[in-house]
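# Fold and contact review
Spelled out, the chains give:
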Amino acid sequence: MKIDFIKKYKGICDITKDDANILANKVFKNLQCNTENITIELLLVEKNKIREINEKFRKVKRETDVLSFPQKTIENSPEKNIGSVIISPEVAKETNQRCGDLFVHGLLHLLGYDHEKDKSRWENAEERVSKNELQ
């Protein structure tokens, strides 16, 4: 598994590329997903940037702490980029969230889990990926 870690945030953040790799591997292991040739993009951005992205792609005119953008895999490609997780550490701090927990939340979305469409499936995945175990 490969994490493309892009930090476009100038402040202090509680997640590093190493943390993201550890969390992603644990999530994939707990959900029994194959990690071979998987790539995940993790972007840390300023509050105003996540607001701009949220407005452009979701038509929601406010900032949020995390966004996920699943990507379809190119058939017969050796590398499987499953998508991007975008986190605003500023908003996370304001809402008392840890970036690691938000990254896990975003990963679940990239893996096809949706708490709005199938709450029981989401809760089952969250239980299997016990946040206490990930810390």
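Refer to the preceding data block for the structure.
Description of the structure in this document. Numbers given for residues are sequential positions, taken from 1 along each chain in its written order. Only residues with pLDDT of at least 70 get local features here, since the model is predicted, and only at 80 or more are side-chain atom pairs given and counted; chain-wide, interface and lining totals rely on the full set of residues. With hydrogens and water set aside, each side-chain value is computed from the structure's full complement of heavy atoms.

Salt-bridge detection follows one rule: a side-chain nitrogen of Lys or Arg within 4 Å of a carboxyl oxygen of Asp or Glu. For the coordinates displayed, the defined rule picks out three salt bridges. The salt bridge involving Asp4 is made with Lys2; its shortest N-O contact spans 3.4 Å.

This part takes up the sheet that holds strand β4 (residues 80–87). Taken in spatial order, the four strands of this open sheet run β1-β2-β4-β3, and their pairing is mixed. Edge positions in the sheet fall to β1 (2–8) and β3 (66–70), since each has one partner strand and no second. This sheet shows a mean twist of 15° between the axes of neighbouring strands, independent of strand direction. Contacts from helix α1 (residues 17–30) reach β1, β2 (38–45) and β4 within the one sheet, and its direction differs from that of β1 by about 140°. What makes two strands pair is DSSP finding at least two bridges between them. For helices the rule is a DSSP run of H or I covering at least 4 residues; for strands it is a run of E covering at least 2, with both sets numbered from the N terminus onward. Think of each axis as a best-fit line through the C-alpha atoms, taken over the contacting stretch in the case of a helix, with angles from 0 to 180 degrees between the N-to-C directions. Should any heavy atoms of two residues lie within 4.5 Å, those residues are considered in contact.

With that settled, consider α1. In this scheme, a helix's expected span is set at 1.5 Å multiplied by one less than its residue total. For α1, built from 14 residues, the straight-helix expectation of 20 Å at 1.5 Å per residue is met to within 8% by its first-to-last C-alpha distance of 20 Å. Taken together, the buried positions of α1 are Ala20, Asn21, Leu23, Ala24, Val27, Phe28 and Asn30. Positive backbone phi, approximately 55°, marks Gln32, located one or two places after α1. The rule is simple: take the accessible area with a 1.4 Å probe, protein chains only, and divide by the maximum for that residue type; under 20% is buried, over 50% is exposed, in between is partly exposed.

Another point: the environment of Ile82. Within the secondary structure layout, Ile82 lies in strand β4. A relative accessible area of 11% places Ile82 in the buried class. For Ile82, the contacting residues outside a window of four places in its chain are Phe28, Ile38, Thr39, Ile40, Phe69, Pro70, Gln71, Leu110 and Leu111.

With that out of the way, let us pick up the layout of surface pockets. Put plainly, a pocket is an open set of points on a 1 Å grid over the protein atoms alone with protein on both sides within 12 Å along at least five of seven lines, a cavity is a set where a 1.4 Å probe fits but cannot get out, and a lining residue has an atom within 4 Å of a point. Grid points are joined across faces, edges and corners, and a volume is the space filled by probe spheres set on the points. Quantified by volume, the largest pocket comes out at close to 490 Å³. Surrounding the largest pocket, 14 residues form its lining, Arg58, Ser68, His109, His115 and Glu116 being those nearest its centre. For the lining of the largest pocket, the secondary structure elements donating two or more residues are β3 and α4 (99–110). Of the residues forming the lining of the largest pocket, the biggest block, four residues, is contributed by β3. Under this grouping Gly is polar, as are all residues other than the nonpolar Ala, Val, Leu, Ile, Met, Phe, Trp, Tyr, Cys and Pro and the charged Asp, Glu, Lys and Arg. Among the residues making up the lining of the largest pocket, the classes are represented as five nonpolar, six polar and three charged.

Let's shift gears to the environment of Trp122. As for its placement among the helices and strands, Trp122 is situated in helix α5 (residues 119–128). Separated by 21 residues in sequence, Trp122 and Asp101 place their C-alpha atoms 15 Å apart. Those residues in contact with Trp122, other than ones at most four positions away along the chain, are His105, Leu108, His109, Tyr113, Asp114 and His115.

The next point concerns the nonpolar core. One finds Ile15, Ile40, Leu42, Ile87, Phe103 and Leu107 to be the most contacted residues of the largest nonpolar core, which totals 30 residues. Broken down by secondary-structure element, the contributors of at least two residues to this core are α1, β2, β4, α4 and α5. In terms of residues, this core owes the most to one element, α4, which gives seven residues. Discounting chain neighbours no more than four positions away, the residues touching Leu107 are Ala24, Val27, Phe28, Ile40 and Val85. Buried Ala, Val, Leu, Ile, Met, Phe, Trp, Tyr and Cys residues that are joined via side-chain atoms within 4.5 Å together make up what is termed a nonpolar core.

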